[in-house]
Amino acid sequence: MLSALVWFRRDLRHFDHAALHHALRRAGRVHCAFVFDSGILDALPSRRDRRVEFIHASVVELDEALDALSCRAAGSGGGLLVRHGRAEEVVPRLAAELGVDAVFANRDYEPAAIARDSRVAQRLAEQGIGFVDCKDQVVFERDEVLTRDGKPFSVFTPYRNAWLKRLDADGGALDAWRIEGQAGRLAPKAPGERIPALAEIGFEPAGLSGSALPAGMRGGRALFEDFAARIDRYADARDFPALKGVSYLSTHLRFGTVSIRELAAFAHGHGSEGARAWLSELIWRDFYHMILWHHPQVVARCFRPECERLRWDEAPGLFAAWCEARTGYPIVDAAMRQLEQSGYMHNRLRMLAASFLVKDLGIDWRLGERHFAARLNDYDLAANNGGWQWAASTGCDAQPWFRIFNPVTQSQRFDPEGRFIRRYLPELAQVPERFLHAPWTLDAAAQRAAGVRIGIDYPAPVVDHAQARLRTLARFGVLKA
Ligand SMILES: Cc1cc2nc3c(=O)[nH]c(=O)nc-3n(C[C@H](O)[C@H](O)[C@H](O)COP(=O)(O)OP(=O)(O)OC[C@H]3O[C@@H](n4cnc5c(N)ncnc54)[C@H](O)[C@@H]3O)c2cc1C
């Protein structure tokens, strides 16, 4: 093959990259491109979006890194051709302009991306150009881990066991896709090529640079090294949002500024209880991608079809209170403020906030899922949909419907000293620890002493949990019929 184009999407790195590896091996000259896809960007609700800023910063870094890589390999310099427009038009046009024989990309498992890629492949085929897609963003995909009967799993634990067995059998599954040896084949950029500024693609800075989320491969490496030093404590610390117990790597995994193989190989090789627990989380990620690929209908519908019989409440006021951190349950409100302020929410709190929306407020999980989708820096359709359907008891291997988190006892258990709550709800800073999880139980004098008036400075609870629980049990009762 004379020349190829590698189309970068959610894989913004120049190491351990399957599509780049295969293109460099098969083609004598390899161009690299990234498209700010107006099909995706135009649909975003805000022009100040941390994810777009994260991608932009990561693209700038990747451009420089590809150039340096080519120079180190005695090539003539390289870099990214960056375009703004509808990817399904831009990519075939660019491929024709460059006169390449094939376009290489890493596979995406989201239904909209699969449809887009098949339209791109069709257009390319009409021009006599090939389209090669590679497995990269997960360890095992699609049909690679199946039950003994050859069916997709719908329960996590046996999936994890089969995944681990397959890893042992398939020694190369975590090997890195090497780039360096052939990097001299990277094509130089034409003079005048430049990366459009954020404003030129219609976005404004959203405060990423001042946040705790460093972008790009360098940012991913720094977070990974920080986490690697404390991975042994992961199993004990990961459920406590006030502690630095988790990796905070999800946005990097989402945009491919880290390599899933490198992370999984590290955890697998490390072997401590903490590392095993963390590897399990990475397997959850593969699991939900596999579920989405086999069951694309989950995007709009319950994984368990009988759950479509559930009747949710129309409660716009309660929904607004949840979105705006005004439920009166401090742990839920602190979680929603964390999301609003940082674009991140701790996993324990995602489970709790989702459960609260569905099982305390009686609101359709799909509304909450969309709210998270618009705000999470690490928003990933497979994981978000899976997490929401788990919490709503409508998904595969979901929380049983009669298990309903109590927001007060969960708060006492996972934020015992209230450090997380106080961080995000300064209005409750003076409330004594034993009242902090249910501040409405403070009497008037204690409220005065704590400098907070419940119902004025901080809301009274929007629902009574015990009553809400009974309503939910009745709602889900239709599933028994
Ligand atoms: C309602 C709900 C919505 C969620 N939405 C998303 C989402 O949009 N994007 C997202 O990446 N994760 C989502 N999760 C899963 C999980 O909460 C986040 O991956 C995690 O909190 C990210 O923080 P971390 O990187 O520090 O995680 P760590 O605990 O360090 O875990 C390491 C990595 O494992 C993966 N992972 C961990 N837990 C899960 C899980 N339950 N499902 C799939 N992958 C997992 C992630 O890639 C994560 O970065 C959701 C969970 C729930 C309950």
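About the criteria used
Residues numbered from 1 in each chain as written. Predicted model: local features only at pLDDT ≥ 70, side-chain atom pairs only at ≥ 80, totals over all residues. Heavy atoms only, no water. UniProt positions renumbered as here; feature names shortened; annotations may be inferred. Helix = DSSP H or I, 4+ residues; strand = E, 2+ residues; numbered from the N terminus. Buried < 20%, exposed > 50% of the residue type's maximum accessible area, 1.4 Å probe, protein only. Contact = heavy atoms within 4.5 Å. Areas by Shrake-Rupley, 256 points an atom, 1.4 Å probe, with all protein chains shown as cover. Lys, Arg positive; Asp, Glu negative; His and termini not counted. Charge placed at Lys NZ, Arg CZ, Asp CG, Glu CD. Core = buried A, V, L, I, M, F, W, Y, C linked by side-chain atoms within 4.5 Å. Axes fitted to C-alpha atoms, helices over the stretch in contact; angles between N-to-C directions. Parallel < 35°, antiparallel > 145°, perpendicular 65-115°, else oblique. Left-handed = near helix turned anticlockwise from the far one by under 90°. Nonpolar A, V, L, I, M, F, W, Y, C, P; charged D, E, K, R; others polar. Expected span 1.5 Å × (residues − 1). Polar contact = N/O pair within 3.5 Å; in protein donor to acceptor, adjacent residues only side chain to side chain. Disulfide = S-S within 2.5 Å. Near = heavy atom within 4 Å. Domains from an automatic or database assignment. Salt bridge = Lys/Arg side-chain N within 4 Å of Asp/Glu carboxyl O.

An unreviewed UniProt entry lists the protein under the name Deoxyribodipyrimidine photo-lyase, from Thauera chlorobenzoica. Per its UniProt entry, the protein bears the Sequence similarities (unreviewed entry) comment "Belongs to the DNA photolyase family." According to its UniProt record, the protein has this under Catalytic activity (unreviewed entry): "cyclobutadipyrimidine (in DNA) = 2 pyrimidine residues (in DNA)."

Caption draft 1: Seen up close, the overall build of the protein. The secondary structure content of the protein amounts to 21 helices and 5 strands. By its C-alpha atoms, the protein is 80 × 50 × 45 Å across when sized along the principal axes. In the protein, which comprises 481 residues, the proportion classed as buried is 54%. Sequence-distant contacts, at least 24 apart, represent 77% of the contacts inside the protein between residues at least 6 apart. Within the structure as shown, the protein displays about 20400 Å² of accessible surface, and the carbon and sulfur contribution to it stands at 52%. Measuring between centres, the 63 positive side-chain charges of the protein sit 3 Å from its 60 negative side-chain charges.

Caption draft 2: Molecular detail of the nonpolar core. Counting residues in each nonpolar core, the largest one holds 138 residues, and the members touching the most others are Phe8, Leu20 and Trp322. When residues of this core are assigned to their parent elements, the largest contribution, 11 residues, is made by helix α11 (residues 273–294). Each residue touching Trp322, except ones within four places of it in the same chain, is listed here: Thr327, Val332, Met336, Ala353, Phe356, Leu357, Leu361, Gly368, His371, Phe372 and Trp388. Among the nonpolar cores identified, the runner-up in size contains 16 residues, and Ala87, Val100, Val120 and Leu124 belong to it.

Caption draft 3: The packing of helix α4 (residues 87–98) against helix α5 (residues 111–126), seen in detail. At their nearest, the axes of α4 and α5 sit 9 Å apart, and the two run at 30 degrees to each other. With respect to each other, α4 and α5 are oriented roughly parallel. Here the hand of the crossing between α4 and α5 comes out right-handed. Residue-level contacts link Ala87, Glu88, Glu89, Val91, Pro92 and Ala95 of α4 to Arg116, Arg119, Val120, Arg123 and Leu124 of α5. Taken together, the residues of the contact of α4 with α5 sort by class into 6 nonpolar, no polar and 5 charged.

Caption draft 4: Molecular detail of helix α3 (residues 50–72). The terminal C-alpha atoms of α3 lie 33 Å apart, and with 23 residues this matches the ideal 33 Å at 1.5 Å per residue to within 8%. A distance of 2.8 Å separates the backbone nitrogen of Arg51 from a side-chain oxygen at the start of α3, and that oxygen is part of Asp49. Just downstream of α3 lies Ala74, where phi reads positive at about 60 degrees.

Caption draft 5: Fine view of helix α14 (residues 347–360). Its 14 residues give α14 an end-to-end C-alpha distance of 19 Å, which sits within 8% of 20 Å, the value for a rise of 1.5 Å per residue. Taken across its 14 residues, α14 has 13 buried, putting it largely inside the fold. Looking one or two residues beyond α14, the residue adopting positive phi is Gly362, at roughly 70 degrees.

Caption draft 6: Molecular detail of the UniProt feature "site: Electron transfer via tryptophanyl radical" (unreviewed entry) in the protein. Look at the UniProt record and you will see "site: Electron transfer via tryptophanyl radical" (unreviewed entry) annotated at Trp312, Trp365 and Trp388. If you trace the backbone, Trp365 turns up in helix α15 (residues 365–375). Those residues in contact with Trp365, other than ones at most four positions away along the chain, are Val298, Arg301, Cys302, Trp312, Val358, Asn385, Trp388, Gln389, Ala392 and Thr394. Mapped onto the elements, Trp388 comes out in helix α16 (residues 381–391). Dropping the residues within four chain positions of it, Trp388 is found in contact with Trp322, Ala354, Leu357, Val358, Trp365, Gly368, Glu369 and Phe372.

Caption draft 7: Spatial organisation of the state of the cysteines. Scanning all chains against the criterion turns up 0 disulfides. Free of any disulfide, Cys396 has its nearest cysteine sulfur in Cys307, 12 Å distant. Residue classification places Cys396 among the buried positions, given a relative accessible area of 7%.

Caption draft 8: Quick look at the site of the ligand. Near the ligand you find 27 residues, and of these Tyr234, Ser247, Tyr248, Asn347 and Asp378 are the closest. Between Asn384 and the ligand, the recorded distance is 3.0 Å, taken from a side-chain N or O atom to a nitrogen atom. Out of a free accessible area of 820 Å², the ligand has 96% covered by protein chains. Elements with a contribution of two residues or more to the shell around the ligand: α9 (250–255), α11, α14 and α16. Of all the elements, α11 adds the most residues to the shell around the ligand, at 6 residues. In terms of residue class, the shell around the ligand is made up of 17 nonpolar, 5 polar and 5 charged. Split by domain, the shell around the ligand shows at least three residues from each of two domains, domain 2 (138–174 + 217–294) and domain 3 (305–480).

Caption draft 9: Main features of the environment of Ala444. Residue placement: Ala444 occurs in helix α20 (residues 444–450). Taking the C-alpha atoms as reference points, Ala444 and His289, separated by 155 residues in sequence, lie 51 Å from one another.

Caption draft 10: Structural view of the pattern of salt bridges. Counted under the stated rule, the structure contains 35 salt bridges. Two residues, Arg221 and Glu262, come together in a salt bridge whose shortest N-O distance is 2.7 Å. Of this pair, Arg221 sits in helix α7 (residues 216–228) while Glu262 sits in helix α10 (residues 260–270), and the two are 41 residues apart along the sequence. We classify Arg221 as partly exposed; its relative accessible area is 31%. Notably, a salt bridge pairs Arg230 with Asp226, separated by 3.0 Å at the nearest N-O pair. The class of Arg230 is buried, set by a relative accessible area of 7%.

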